[in-house]
Structure formats: C-alpha cells, structure tokens
Amino acid sequence: SPEDALYAVFDGHGESGAIVSQFVAESLRTSLAEILLDAASSRASDDAIKKQIQQAFLDTDLSLTEALKEYCGLQFDGSTGCAVLRRGKKLLIAYVGDSSCVVGTKRKAGRRLTEDHTPAQAKERFRIES
C-alpha cells in the first residue's frame, strides 16, 4: 500500500561500531522490507508481523556474529537500532539498546514511544547477567 513504509536508524559503538551498524542496517533493511512487502500482500496480522520482525533482529544478530567473528570480537562493539514499519495508520516499532523512537506532529511536541534497553533498568540488567 502507498501508506506502508519502513524507517530505521542504527548507531554503532566501540572500535568497530561503524562496521557493525552498517552490517546491521544492510541486513535488517533487506529483511524488514521483505516483511513489509509480504504483509501488504498477505494481510498478515500485526502479531504475526511483530514475530517476523523480532526474528529478523535475532537472525541479524546471529549472522553478524558469524560474519564478523574473524574481524572483531564484538565484546565491546555493537549497534543500537530502532526500526519503524508503518502499515497505514499503525506503527510497528522494534528496537534494541538505547536508540529511541519519538513521534511528533506540527501541532504536538514529540512523544517517546520506546523505553531504552540499558543496564540501569532492573529487567535489562537481569537479562544481561543471566
């Protein structure tokens, strides 16, 4: 549909952060564009699309580790990211790390739509330490 769109931003960190974020952007751009096209043609539910998006992020993480393991250890290198799929008037948001999604209009100030994944949050600290 002409109202469907994909927006994404990735921010690398660490010595190899630029390479990591570029890899993630390229990989997810392809995966998310395919999901958006499939969703437009199949009338998939939002929940099904959310699962596909989550899987695309997980698959990208695995392929990143495999592709760059010889180049850098990735212990201190990575990328945060935020992707928004617009389906008509709905926004489906996927994010990782402390990249935030904010939406605003000409008449209203920006409103934050995500909560950063940082070790300062108990839930995220538990996930990291587990």
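As a starting point, this report considers the structure included with it. All of these numbers come straight from a predicted model, not from anything done at the bench. (Residues numbered from 1 in each chain as written. Predicted model: local features only at pLDDT ≥ 70, side-chain atom pairs only at ≥ 80, totals over all residues. Heavy atoms only, no water.)

Now for the side chain of Thr 80. As for its position among the elements, Thr 80 is in strand 2 (residues 78–87). Polar contacts involving the side chain of Thr 80 include one to the side chain of Ser 99, which spans 2.5 Å. Non-local contacts of Thr 80, meaning those with residues more than four positions away in its chain, are made with Val 9, Phe 10, Asp 11, His 13, Val 96, Gly 97, Asp 98 and Ser 99. (Helix = DSSP H or I, 4+ residues; strand = E, 2+ residues; numbered from the N terminus. Polar contact = N/O pair within 3.5 Å; in protein donor to acceptor, adjacent residues only side chain to side chain. Contact = heavy atoms within 4.5 Å.)

Moving on, we get to the sheet that holds strand 2. Judged by pairing direction, the sheet is antiparallel, and its 3 strands sit side by side in the order 1-2-3 without closing on themselves. The two strands at the open ends of the sheet, each matched to only one other strand, are strand 1 (5–13) and strand 3 (90–96). The mean inter-strand angle of the sheet, taken between neighbouring strand axes irrespective of direction, is 10 degrees. Sitting on the sheet, helix 1 (residues 17–42) is in contact with strand 1 and strand 2, with an inclination near 160 degrees to strand 1. Sheet strands touched by helix 2 (residues 46–68): strand 2 and strand 3. Its angle to strand 3, the strand with the most contacts, is close to 25 degrees. (Pairing = 2+ DSSP bridges. Axes fitted to C-alpha atoms, helices over the stretch in contact; angles between N-to-C directions.)

Once that is clear, we can look at helix 1. In this model helix 1 runs 36 Å from its N-terminal to its C-terminal C-alpha over 26 residues, within 8% of the 38 Å that 1.5 Å per residue would give. Of the surrounding secondary structure, the elements contacted by the buried residues of helix 1 are strand 1, helix 2 and strand 2. One or two positions beyond helix 1, positive phi appears at Arg 43, with a value near 60 degrees. (Expected span 1.5 Å × (residues − 1).)

On to the side chain of Ser 79. Relative to the helices and strands, Ser 79 is located in strand 2. Given a relative accessible area of 18%, Ser 79 falls into the buried group. Filtering out sequence-adjacent residues up to four positions away, Ser 79 remains in contact with Phe 10, Asp 11, Gly 12, His 13, Val 20, Ser 21, Val 24 and Val 96. (Buried < 20%, exposed > 50% of the residue type's maximum accessible area, 1.4 Å probe, protein only.)

What follows is about the environment of Ile 19. Here Ile 19 lies in helix 1. Judged by its relative accessible area of 35%, Ile 19 falls in the partly exposed class. Expressed as a C-alpha distance, the spacing of Ile 19 and Arg 43, which sit 24 residues apart in the sequence, is 35 Å. The residues touching Ile 19, leaving out its near neighbours within four places in the chain, are Leu 68 and Tyr 71.

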